[in-house]
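Residues per chain, in single letters:
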Amino acid sequence: MFDRFRGEVVMPHDENNEHRCTGCQKCEIACPNGSIEIVWDRGIDPHTEKKKKKIDKHIYHLSMCTMCGLCIEACPTDAIVWAQNFENSVYDRSQLTKVLNKPGSILKAGVED
Ligand code: SF4
Ligand code: SF4
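Residues numbered from 1 in each chain as written. Chains lettered and ligands numbered in written order. Predicted model: local features only at pLDDT ≥ 70, side-chain atom pairs only at ≥ 80, totals over all residues. Heavy atoms only, no water.

**Student:** Can you walk me through the sheet that holds strand β4 (residues 51–61) in this structure?
**Tutor:** In sheet architecture, strand pairing relies on hydrogen bonds along the backbone and comes in two forms, parallel and antiparallel. A sheet is described by the order of its strands in space; here 3 strands give the open sequence β3-β4-β6, paired in antiparallel fashion. The open sheet has two free edges, formed respectively by β3 (36–44) and β6 (97–99), since each of these has just one partner strand. Neighbour to neighbour, the strand axes of the sheet diverge by 25° on average, direction disregarded. The pairing of β3 with β4 spans 9 bridges and is classified as antiparallel. Within the sheet, the bridge partner assigned to W40 lies in β4 and is I55. (Pairing = 2+ DSSP bridges. Helix = DSSP H or I, 4+ residues; strand = E, 2+ residues; numbered from the N terminus. Axes fitted to C-alpha atoms, helices over the stretch in contact; angles between N-to-C directions.)

What follows is the structure, given as structure tokens:
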């Protein structure tokens, strides 16, 4: 697909299972129809050993998403991007609710909002 195609919102992780989401909730606030829910907590940052806000779950309801892109524009750390996939049909609607941060993943060092 071409680069600007809007397949679904995803959160890239690097080879160390690190992402760029600080849990700031700007995407959640920007979404006009509640397609994003951020479940967050405070914990010790393994890089600085200081207490810091962190995401528990970045929940994305693909079934409700209108692909407007406001969440991606609002993100100050480029933590979420468009994927180019288009085969999103499923038999069970619950499969369209996704947790974008991978299990065990952490915030990349040095990323601040
Ligand atoms: S693309 Fe639009 S509708 Fe979809 S999650 Fe982002 S802000 Fe919400
Ligand atoms: S994806 Fe971006 S805007 Fe949303 S909570 Fe994470 S850092 Fe904030």
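Moving on, there is more to tell.
**Student:** Would you mind going over the pattern of salt bridges with me for this structure?
**Tutor:** Pairing between side chains of opposite charge can happen when their charged atoms approach one another. Applying the stated rule across the entire model yields 4 salt bridges. Close ionic contact of E8 with K98 constitutes a salt bridge, the shortest N to O distance being 3.1 Å. Linking E8 in strand β1 (residues 8–10) with K98 in strand β6, this pair joins segments that are 90 residues apart in sequence. For E8, a relative accessible area of 7% corresponds to the buried category. The partner of K52 in a salt bridge is D45, with the nearest N and O atoms 3.8 Å apart. Overall, the relative accessible area of 22% leaves K52 in the partly exposed class. Assessed through its relative accessible area of 9%, D45 is described here as buried. Residues participating in the shared-partner salt-bridge network are D45, K52 and E112. (Salt bridge = Lys/Arg side-chain N within 4 Å of Asp/Glu carboxyl O. Buried < 20%, exposed > 50% of the residue type's maximum accessible area, 1.4 Å probe, protein only.)

**Student:** Would you mind going over the environment of H58 with me for this structure?
**Tutor:** By the secondary structure assignment, H58 is in strand β4. Setting aside residues up to four positions removed in sequence, H58 forms contacts with M11, C21, C27, I36, E37, I38, I80, K98, V99, L100 and N101. (Contact = heavy atoms within 4.5 Å.)

**Student:** Where do I start with the site of ligand 1 in this structure?
**Tutor:** Contacts to ligand 1 come from 14 residues, most closely from C31, C65, C68, G69 and C71. A breakdown of the residues in the shell around ligand 1 according to their chemical character gives 10 nonpolar, 4 polar and no charged. (Near = heavy atom within 4 Å. Nonpolar A, V, L, I, M, F, W, Y, C, P; charged D, E, K, R; others polar.)

**Student:** Got a minute to help me understand the side chain of E18 in this structure?
**Tutor:** Examined against the element boundaries, E18 turns out to sit in strand β2 (residues 18–19). Although E18 is buried, it forms no salt bridge, and the closest oppositely charged side chain is K108 at an N-O distance of 4.4 Å. If we ignore the near neighbours within four places in the chain, the residues touching E18 are P12, H13, H47, I106 and K108. (Lys, Arg positive; Asp, Glu negative; His and termini not counted.)

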